[in-house]
Amino acid sequence: MKKILVTGGLGYIGSHTVVELQSSGYDVVVIDNLDNSTEGVKEQIVSISGRSIDLVIGDVNDEQTMNRLFQEHNFYGVIHFAAYKAVGESVDNPIKYYQNNITGLICLLGAMERHGVQNLIFSSSCTVYGIAEDLPVIEDTPIKSAESPYGTTKIIGEKIIQDYTKHKNINAILLRYFNPVGAHPSAKIGEFPNGVPSNLVPYITQTAAGIREQLVIHGNDYNTSDGTCIRDYIHVVDLAKAHVKAMIFVDKMPNSVDVFNVGTGNGSSVLEVVKAFEERSDIRLNYIVGPRRDGDVEQIFADTQKINHVLQWQAEYDLHDMMYHAWLWQKSISRKIN
Ligand code: NAD
Ligand code: UFG
């Protein structure tokens, strides 16, 4: 059985990906420092997949831990999720982000090289496109300078991997995620937002659960059909499955590095998301329209032809499924808190 190292595998996208890897027949080893997750996620993963995971509580920046890990296991490939992701915090504390997201990647690449592990999948983001001139965005759409240090870490991370794979024996796939939302249909794993959520979907579900009083829609005077911003929301289980497809393809690639958008290809406005949530939860959401949020992109959605054809991957869940599963997850964690 091929063995995969998943860094940050107890986090939101990592935990869903571990489940999909296991159900596709891979063995999984996770390294996570629990900075934004808990050890309890491991049991939830095992209860979904029925398969055990080797878990190392440790930091990808710790060379000794990484060496030990690579000595103990013969990895076929690595999926690198471990990073910080809060855009606002990255503006206030950029060094924290450069330290973890860039240094962590460099440590990982060093360990892969020393131990002869060739296959890497990297979590990138549509944030690298900034305000794109042409929509939908294709993978060749020019990269813009980022709006935040977090975004810069993704641009630099991609560049480091591109340079590295030119001269080293490493194959890499860069996955540019659009807006991951939702949760596993079992409601056993999902996202734990840290403090007050800045992302739309957790804010919606927390408002419906009575944790937040009211959702504020950040502006309805954009040049879109209903005036609210447009994003390409992607169900986290579909996103997880894209990693499995990438792992199958990564060592058969004609080039040593390739990049894929991961979205549905459909743009949805904030009001459409709210409506889909109301329809699937049967709850009327308390919301108002407020001013625009600084730094928001008016609209962005993916061209997904490349990933559809090359990786043979297609999103299966629609916006209503995303909202339904996000709501099931919110209800399950609210029950545990109360
Ligand atoms: P998350 O915070 O839920 O998961 C990240 C996991 O990595 C956490 O469990 C955390 O404890 C762990 N971690 C962080 N630094 C570590 C370190 N140095 N060593 C070991 N473990 C460490 O985040 P997520 O939403 O699952 O995102 C995963 C990846 O996808 C990140 O690289 C993120 O930047 C990227 N991404 C996320 C989104 C999104 O909207 N969620 C969008 C685009 C890209
Ligand atoms: N929104 C609201 N009210 C809220 C929260 C969000 O109206 O309380 C709106 C935003 O203004 C935006 C849309 O909902 O129009 C989506 O906002 P999110 O914060 O959920 O997502 P973003 O697309 O703004 O940000 C996401 C990731 C970032 C990443 C960025 C890349 O969260 O990590 O995509 O484009 F950098």
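Residues numbered from 1 in each chain as written. Chains lettered and ligands numbered in written order. Predicted model: local features only at pLDDT ≥ 70, side-chain atom pairs only at ≥ 80, totals over all residues. Heavy atoms only, no water.

### Regarding the environment of Ala111
Within the element layout of this structure, Ala111 appears in helix α5 (residues 94-114). With residues up to four places along the chain from it excluded, the contact list for Ala111 reads Met66 and Phe70. (Helix = DSSP H or I, 4+ residues; strand = E, 2+ residues; numbered from the N terminus. Contact = heavy atoms within 4.5 Å.)

### Some points on the site of ligand 1
The local shell around ligand 1 holds 27 residues, among which Asp32, Asn36, Lys85, Asn100 and Tyr150 are the closest. Ile13 places a polar main-chain atom, nitrogen or oxygen, 2.8 Å from an oxygen atom of ligand 1. Within the side chain of Ser37, one N or O atom sits 2.7 Å away from an oxygen atom of ligand 1. Contact with the protein chains removes 94% of the 820 Å² of surface that ligand 1 exposes when unbound. Among the elements of the structure, α1 (12-23), β5 (119-125) and α6 (149-167) are those that each provide at least two residues to the shell around ligand 1. With three residues, the single largest contributor to the shell around ligand 1 is β5. For the shell around ligand 1, the residue count by class is 11 nonpolar, 11 polar and five charged. (Near = heavy atom within 4 Å. Polar contact = N/O pair within 3.5 Å; in protein donor to acceptor, adjacent residues only side chain to side chain. Areas by Shrake-Rupley, 256 points an atom, 1.4 Å probe, with all protein chains shown as cover. Nonpolar A, V, L, I, M, F, W, Y, C, P; charged D, E, K, R; others polar.)

### Brief notes about the site of ligand 2
With respect to spatial proximity, 20 residues lie near ligand 2, and among them Asn199, Val216, His218, Arg231 and Asp296 are the closest. Side-chain polar atom of Arg231 to an oxygen atom of ligand 2: 2.6 Å apart, as the coordinates give it. Note that an oxygen atom of ligand 2 is positioned 2.9 Å from one of the side-chain N or O atoms of Arg293. Starting from 690 Å² of accessible surface for ligand 2 in isolation, the protein chains cover 86%. Taken together, the elements giving at least two residues each to the shell around ligand 2 come down to α7 (200-208) and β8 (215-218). Per-element accounting of the shell around ligand 2 gives the leading share, four residues, to β8.

### What to know about the domain arrangement of the protein
If you check the domain split of the protein, you get domain 1 (3-182 + 232-263) and domain 2 (200-230 + 266-306 + 319-337). One C-alpha centre belongs to domain 1, the other to domain 2, and the line joining them spans 26 Å. Listed by partner, the interface residues are 22 residues for domain 1 and 19 residues for domain 2. Carbon and sulfur atoms make up 67% of the surface buried where domain 1 meets domain 2, a total of about 1,800 Å² over both sides. Counting the surface domain 1 buries against domain 2, the share from its top three residues, Leu135, Asp232 and Tyr233, is 34%. Linking domain 1 with domain 2 are one salt bridge, by the criterion used here. Two residues, Asp258 and Lys306, come together in a salt bridge whose shortest N-O distance is 2.5 Å. There are eight residue pairs in polar contact (both at pLDDT 80 or more) connecting domain 1 and domain 2. (Domains from an automatic or database assignment. Buried area = accessible area lost by both parts, 1.4 Å probe. Salt bridge = Lys/Arg side-chain N within 4 Å of Asp/Glu carboxyl O.)

### Regarding the sheet that holds strand β2 (residues 27-32)
Strand order in the open sheet formed by seven strands is β3-β2-β1-β4-β5-β6-β11, with parallel pairing between adjacent strands. Both outer strands of the open sheet, β3 (54-57) and β11 (257-262), are each paired with one neighbouring strand and no more. Strand-to-strand twist of the sheet, defined as the mean angle between neighbouring strand axes without regard to direction, takes the value 20°. Across four bridges, strand β1 (residues 3-7) lies against strand β4 (residues 77-80) in parallel orientation. Counted as the bridge partner of Val6 is Ile79 from β4. Where helix α3 (residues 63-72) meets the sheet, it contacts β1, β2, β3 and β4, and its direction lies at approximately 170° from that of β2. Lying over the sheet, α6 contacts β5, β6 (171-177) and β11, oriented at roughly 155° with respect to β5. (Pairing = 2+ DSSP bridges. Axes fitted to C-alpha atoms, helices over the stretch in contact; angles between N-to-C directions.)

### Thoughts on the packing of aromatic side chains
Tallied over the full model, the rule gives six aromatic pairs. Note on Phe192 and Trp329: the rings are 5.2 Å apart at their centroids and 75° apart in plane angle, and the pair reads as edge-to-face. With Phe192 in the loop between β7 (179-181) and α7 and Trp329 in helix α11 (residues 319-337), the pair connects residues that are 137 residues apart, well separated along the chain. The class of Trp329 is buried, set by a relative accessible area of 6%. Here the basic side chain of Lys96 rests over the ring of Tyr84, its NZ or CZ set 4.7 Å away from the ring centre. Stacked on the ring of Tyr222, the Lys or Arg Arg292 has its end atom at 3.9 Å from the ring centre. (Phe/Tyr/Trp six-rings, centres within 6.5 Å; stacked < 30°, edge-to-face > 60°. Buried < 20%, exposed > 50% of the residue type's maximum accessible area, 1.4 Å probe, protein only. Lys NZ or Arg CZ within 6 Å of the ring centre and 35° of its normal.)

### Describing the packing of α7 against helix α9 (residues 270-281)
Each pair of packed helices can be described by the angle between their axes along with the distance between the axes. The interhelical angle for the contact between α7 and α9, taken along N-to-C directions, is 40°, at an axis separation of 11 Å. When the axes of α7 and α9 are compared, the pair comes out oblique. In this structure, α7 crosses over α9, and the sense of that crossing is right-handed. Contact with α7, carried on its side by Leu200, Val201, Ile204, Thr205 and Ala208, involves Val270, Val273, Val274 and Phe277 of α9 and no other residues of that element. When its residues are assigned to classes, the contact of α7 with α9 shows eight nonpolar, one polar and no charged. (Parallel < 35°, antiparallel > 145°, perpendicular 65-115°, else oblique. Left-handed = near helix turned anticlockwise from the far one by under 90°.)

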